[in-house]
Amino acid sequence: MVLEPSFQGAVLAAPARSSHRSPVSEAPATRRVLIAIALLFLGFFLFLPLVAVFVEALRGGVGTYLRAISEPDALSAMKLTLLVAAIAVPANIVFGIAAAWAIAKFEFKGKAFLITLIDLPFSVSPVISGLVYILLFGTHGVLGPLVESAGIKIVFALPGIVLATIFVTFPFVARELIPLMQEQGTGDEEAALSLGASGFKTFLLVTLPNVKWALLYGVLLCNARAMGEFGAVSVVSGHIRGVTNTMPLHVEILYNEYAFQAAFAVASLLALLALLTLALKSLLEWRFADGIAAVRGH
Amino acid sequence: MDISIENIRKEFERFPALHDVSLDIRSGELIALLGPSGSGKTTLLRLIAGLEFLTSGRILFGNEDASHKSVQERNVGFVFQHYALFKHMTVADNVGFGLRVRPRSQRPSRAEIRRRAEELLELVQLPGLGKRFPAQLSGGQRQRVALARALAIEPRVLLLDEPFGALDAKVRRELRRWLRELHERTGHTTVFVTHDQEEAMELADRVVVMSNGKIEQVGSADDIYDAPASPFVFSFIGASNALRVHVEAGRVYLDDRPLELPRTNLPDGPARLYLRPHDLEVSRDEAGSIPGVISAVRRTSGARLIELEIGGRRDRLEIELPAEQSHRLNGRLAVRPRKWQLYRDDECRLAS
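Scoring rules and cut-offs
The numbering scheme is per chain: residues are counted from 1 as the chain's sequence reads. Key to labels: chains lettered from A, ligands numbered from 1, both in the order written. Given that this is a predicted model, residues contribute local features only at a pLDDT of at least 70 and side-chain atom pairs are listed and counted only at 80 or more, while totals for whole chains, interfaces and linings are drawn from all residues. The side-chain quantities take in all heavy atoms of the structure and omit both hydrogens and water. UniProt positions are given in the numbering used here, feature names are shortened, and annotations may be inferred rather than shown by experiment. Here, residues are in contact when the closest pair of their heavy atoms is within 4.5 Å. Defined in terms of a 1.4 Å probe, buried area is the accessible area two parts forfeit on being brought together, summed over both. Salt bridges are identified by distance alone: a Lys or Arg side-chain nitrogen within 4 Å of an Asp or Glu carboxyl oxygen. To qualify as a helix, a DSSP run of H or I must reach at least 4 residues; to qualify as a strand, a run of E must reach at least 2; elements of each kind are numbered from the N terminus. Note: domain ranges come from an automatic or database domain assignment. Identification of polar contacts relies on pairs of N or O atoms within 3.5 Å, with a donor-acceptor requirement for protein atoms, meaning one able to donate a hydrogen and the other able to accept it, and with residues adjacent in sequence counted only if both atoms are side-chain atoms. Ten residues, namely Ala, Val, Leu, Ile, Met, Phe, Trp, Tyr, Cys and Pro, are considered nonpolar, four, namely Asp, Glu, Lys and Arg, are considered charged, and the remaining ones, Gly among them, are considered polar. Inter-axis angles, ranging from 0 to 180 degrees, are taken between N-to-C directions of lines fitted to C-alpha atoms, where helices are fitted over the stretch in contact. Orientation labels follow simple angle bins: below 35 degrees gives roughly parallel, above 145 gives roughly antiparallel, 65 to 115 gives roughly perpendicular, and whatever is left gives oblique. In this scheme the handedness of a crossing depends on how the near helix is turned from the far one: anticlockwise by less than a right angle means left-handed, clockwise means right-handed. For every residue, the predictor states its confidence as a pLDDT score lying anywhere from 0 to 100. When DSSP finds two or more bridges between two strands, those strands count as paired. Relative accessibility under 20% of the residue-type maximum defines a buried residue, over 50% an exposed one, and the middle range a partly exposed one, all with a 1.4 Å probe and only protein chains included. For this analysis, a ring pair means two rings from Phe, Tyr or Trp (six-membered ring only for Trp) whose centres lie within 6.5 Å, classed as stacked if their planes differ by under 30 degrees, edge-to-face if by over 60, and tilted for the remaining angles.

Under an unreviewed UniProt entry, chain B has the name Sulfate and thiosulfate import ATP-binding protein CysA and belongs to Lutibaculum baratangense AMV1. Quoted verbatim from the Sequence similarities (unreviewed entry) field of UniProt, the annotation for chain B is "Belongs to the ABC transporter superfamily."

By the naming in an unreviewed UniProt entry, chain A is Sulfate transport system permease protein CysW, taken from Lutibaculum baratangense AMV1. Chain A has a UniProt comment under Subcellular location (unreviewed entry) that states "Cell inner membrane". Checking UniProt for chain A, the heading Function (unreviewed entry) contains the comment "Part of the ABC transporter complex CysAWTP (TC 3.A.1.6.1) involved in sulfate/thiosulfate import. Probably responsible for the translocation of the substrate across the membrane."

Listed below in structure tokens is the structure:
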């Protein structure tokens, strides 16, 4: 009974306001406050640091900036980072497709366990991911003496860095593909097989085109993380300048040596890489919006 | 292509989906697999296609044992319930897919594939739509593209899984007639799955009625409607009534009242009398008739339906009379069956 007058008031007031807002949305003031909070938060935590990186990097002028990123140790770090990504990303594409295929299209024992296992790198601290390889392949590790006697150096060398990077980035591709492939089921593949296509042709001509956008997203995210990974790589790399330093590690070393401007210069390259990935992703979404909608639509 | 299915059995993780099914399909025949969901009809179709493997038994294509052949080797045209068209390919590429994926030595030239696709699109009455994508077509058009795609590989047998299931009633009826015409023109041996009895009876040369992983009856529309082999078939096809009766020394009793039916050779004991609503006629309440109390009278478009309670609400009988015949809304009424089927009670319990 107490509520009745205000309820009537709202009904009476409604026609005047109905042109601006739908009856189920919040009051304008609430909306403005929510938008403001979101923008402030984004600005403070994301935009401001990003701007700071570029401002600091260019503080000493463009000349110093270019000198900092063309110095031999910086170049070697860039090369190593690109090399690691060039190995880890394809490896994870193969693994991601295989895992997604197995999980989405077959029923087998231990499937739920495999799904949990794929998520493991997300829930484990990167430092531990790196430490695992030291414990496995280090001089006192379980497999250490074995690989050492074979003349292979894993820890504090490229193989260790690659292994740690693969470990940290392996959920990206699989996690993008699994829900999509599960939703799509096996109908299209059965149709292709019934039309006489071999298993490989079915995969190439039907399965892959059906998941290409999800795969591309997964690859972009995987690549960004592979280049930016710090924790796991830091543990296995050994920080040998010009040899086992990736870009994130190089940034840290420069910073610890109070070479702030050089540190920010290299960091700005990493930030640029992240922005590029984002831009590429948006571009793909915009350019192929119809294709993505068509594949997701059914 | 003759197809023989010999004593096949299919289990999914120990759960039997088909037990001991045998069926002979003659070359050029149009066969319907009809049954409720879970009756095993789709499983049987997928077994013929090679999309599932048998647990035991044999499937012969002509004289050749196809039981262990892969779906590619069987060369069947399969039309999926939701068509499974390749969304990222044009209609023409969809239709030509089966030719495009052949090994190089058997693959026709690009121009030839394009020509065949156009020809097939014309056959399914979609000329000129080759450049569109499946998302730009209506449900009925997609169905036809799926059919053209299946026909492109010159299949030995055409298999359709609920071909009209996803379409609305009007399109369904049109496509049904069209499929029948297409079948007569191309002469493919065709098997289709449906749960719609009207569709099965109207379209097929022979209907295979299935229930609980078994074949209940195989026959023409007349056979399965007029001479149903089991209580399941009787009640699944068309409208039906079942009356609980008793057999004693070949005579049929409703409670203590003997019915005027010829002697039966069913054993003594409980039985059920199955009757179609339109096979009952009103009679005087005299010895041998079935008496009841009218509980409802309803008018449908072409007839008048009367509900009778028999033996004090124990059983309910629906009678269909011509619409002109007007009737009182209550009181007693006796009927006499023109046609009927009598089944043992235990048979009926298995069926329900």
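A. View of the interface of chain B and chain A. Taken together, the contacts link 23 residues of chain B with 20 residues of chain A. Roughly 1,900 Å² of surface becomes buried between chain B and chain A when both sides are summed, with 64% attributable to carbon and sulfur atoms. Per-residue buried area on chain B facing chain A is highest for Gln72, Lys87 and His88 of chain B; these three make up 33% of the total on that side. Remark: the boundary between chain B and chain A carries two salt bridges.

B. Seen up close, the UniProt feature "transmembrane region" (unreviewed entry) in chain A. Residue and element names in this part refer to chain A. Mapped onto this numbering, the UniProt entry gives "transmembrane region" (unreviewed entry) at residues 33-59, 80-104, 124-147, 154-174 and 258-280. This span, residues 124-147, is 67% helix and 0% strand, and a straight line between its end C-alpha atoms measures 26 Å. Within the segment residues 258-280, helix and strand shares are 91% and 0% respectively, and the terminal C-alpha atoms sit 34 Å apart.

C. Region of interest: the domain arrangement of chain B. Residue and element names in this part refer to chain B. Split into domains, chain B comes out as domain 1 (3-232) and domain 2 (239-351). One C-alpha centre belongs to domain 1, the other to domain 2; they are set 40 Å apart. Counting the surface lost from both domain 1 and domain 2, the interface buries some 710 Å², and carbon and sulfur atoms represent 50% of this. At the boundary of domain 1 with domain 2, the tally comes to three residue pairs in polar contact (both at pLDDT 80 or more). If you list the elements that add at least two residues to the side of domain 1 that touches domain 2, you get helix H8 (221-226) and helix H9 (231-236). The leading source of residues in the side of domain 1 that touches domain 2 is H8, at three residues. Tallied by class, the residues present in the side of domain 1 that touches domain 2 amount to seven nonpolar, one polar and one charged.

D. Spatial organisation of the packing of helix H13 (residues 247-256) of chain A against helix H14 (residues 260-287) of chain A. All names here are of chain A. As a packed pair, H13 and H14 sit with axes 8 Å apart at the nearest point and diverge in direction by 160°. By the angle between their axes, H13 is roughly antiparallel relative to H14. Crossing of H13 against H14: the hand is left-handed. Contact residues: H13 offers Met247, Pro248, His250, Val251, Leu254 and Tyr255, while H14 offers Phe260, Ala262, Ala263, Val266, Ala267, Leu269 and Leu270. A breakdown of the residues in the contact of H13 with H14 according to their chemical character gives twelve nonpolar, one polar and no charged.

E. Structural context of the confidence of the model for chain B. Looking at chain B, pLDDT values average 90 and 97% of them are 70 or higher. Of all helices and strands in chain B, the one with the weakest mean pLDDT is helix H10 (residues 345-351) of chain B (71), whereas strand S3 (residues 30-34) of chain B scores best (96).

F. Seen up close, the sheet that holds strand S17 (residues 303-310) of chain B. Residue and element names in this part refer to chain B. Here five strands make up an open sheet; going across it, the order is S15-S19-S16-S17-S18 and the pairing antiparallel. Each edge of the open sheet carries a strand with a single partner, namely strand S15 (280-283) and strand S18 (315-322). Neighbour-to-neighbour, the strand axes of the sheet open up by a mean angle of 50°, direction not taken into account. With six bridges joining them, strand S16 (residues 290-299) and S17 adopt antiparallel strand pairing. Bridge pairing in S17 links Arg299 to Arg304.

G. Summary view of the pattern of salt bridges. For the coordinates displayed, the defined rule picks out 36 salt bridges over all chains. The salt bridge partner of Glu190 of chain A is Arg46 of chain B, with a shortest N-O separation of 2.5 Å. Pair noted here: Glu190 of chain A is in helix H10 (residues 187-194) and Arg46 of chain B is in helix H1 (residues 41-49), and the two residues belong to different chains. On the basis of relative accessibility, which here comes to 15%, the residue Arg46 of chain B falls in the buried class. Taken together, the salt bridges that share partners define one network made up of Arg298, Glu307, Glu309, Arg316 and Glu318 of chain B.

H. Spatial organisation of the environment of Arg100 of chain B. Residues and elements named next belong to chain B. When you line up the elements, Arg100 lands in helix H3 (residues 91-100). Residue Arg100 is classed as partly exposed on the basis of its relative accessible area, which comes to 32%. Along the chain, Arg100 and Ile113 lie 13 residues apart, while their C-alpha atoms are 7.4 Å from each other. Setting aside residues no more than four positions away along its own chain, Arg100 makes contact with Met89, Asp93, Arg107 and Ile113.

I. Fine view of the UniProt feature "domain: ABC transmembrane type-1" (unreviewed entry) in chain A. As recorded in UniProt, the feature "domain: ABC transmembrane type-1" (unreviewed entry) lies at residues 78-281 of chain A. As a span, residues 78-281 of chain A carries 79% helix and 0% strand, and end to end its C-alpha atoms are 23 Å apart.

J. Spatial organisation of the sheet that holds strand S12 (residues 251-254) of chain B. Residue and element names in this part refer to chain B. Across the sheet, five strands lie side by side as S13-S12-S11-S14-S20; this open sheet has antiparallel pairing. Both outer strands of the open sheet, strand S13 (257-258) and strand S20 (341-344), are each paired with one neighbouring strand and no more. Here strand S11 (residues 241-248) runs beside S12; their pairing, made up of three bridges, is antiparallel. Residue pairing for S12: Val247 is matched across the bridge by Val252.

K. View of the packing of aromatic side chains. Per the stated rule, a full pass over the model turns up 15 aromatic pairs over all chains. Note on Phe167 of chain A and Phe170 of chain A: the rings are 6.2 Å apart at their centroids and 75° apart in plane angle, and the pair reads as edge-to-face. Considered together, Phe167 of chain A and Phe170 of chain A belong to a single accessibility category, that of buried residues. Note on Phe232 of chain B and Phe236 of chain B: the rings are 5.3 Å apart at their centroids and 15° apart in plane angle, and the pair reads as stacked. Placement of both Phe232 of chain B and Phe236 of chain B in helix H9 is noted, with a separation of four residues, approximately one turn of the helix.

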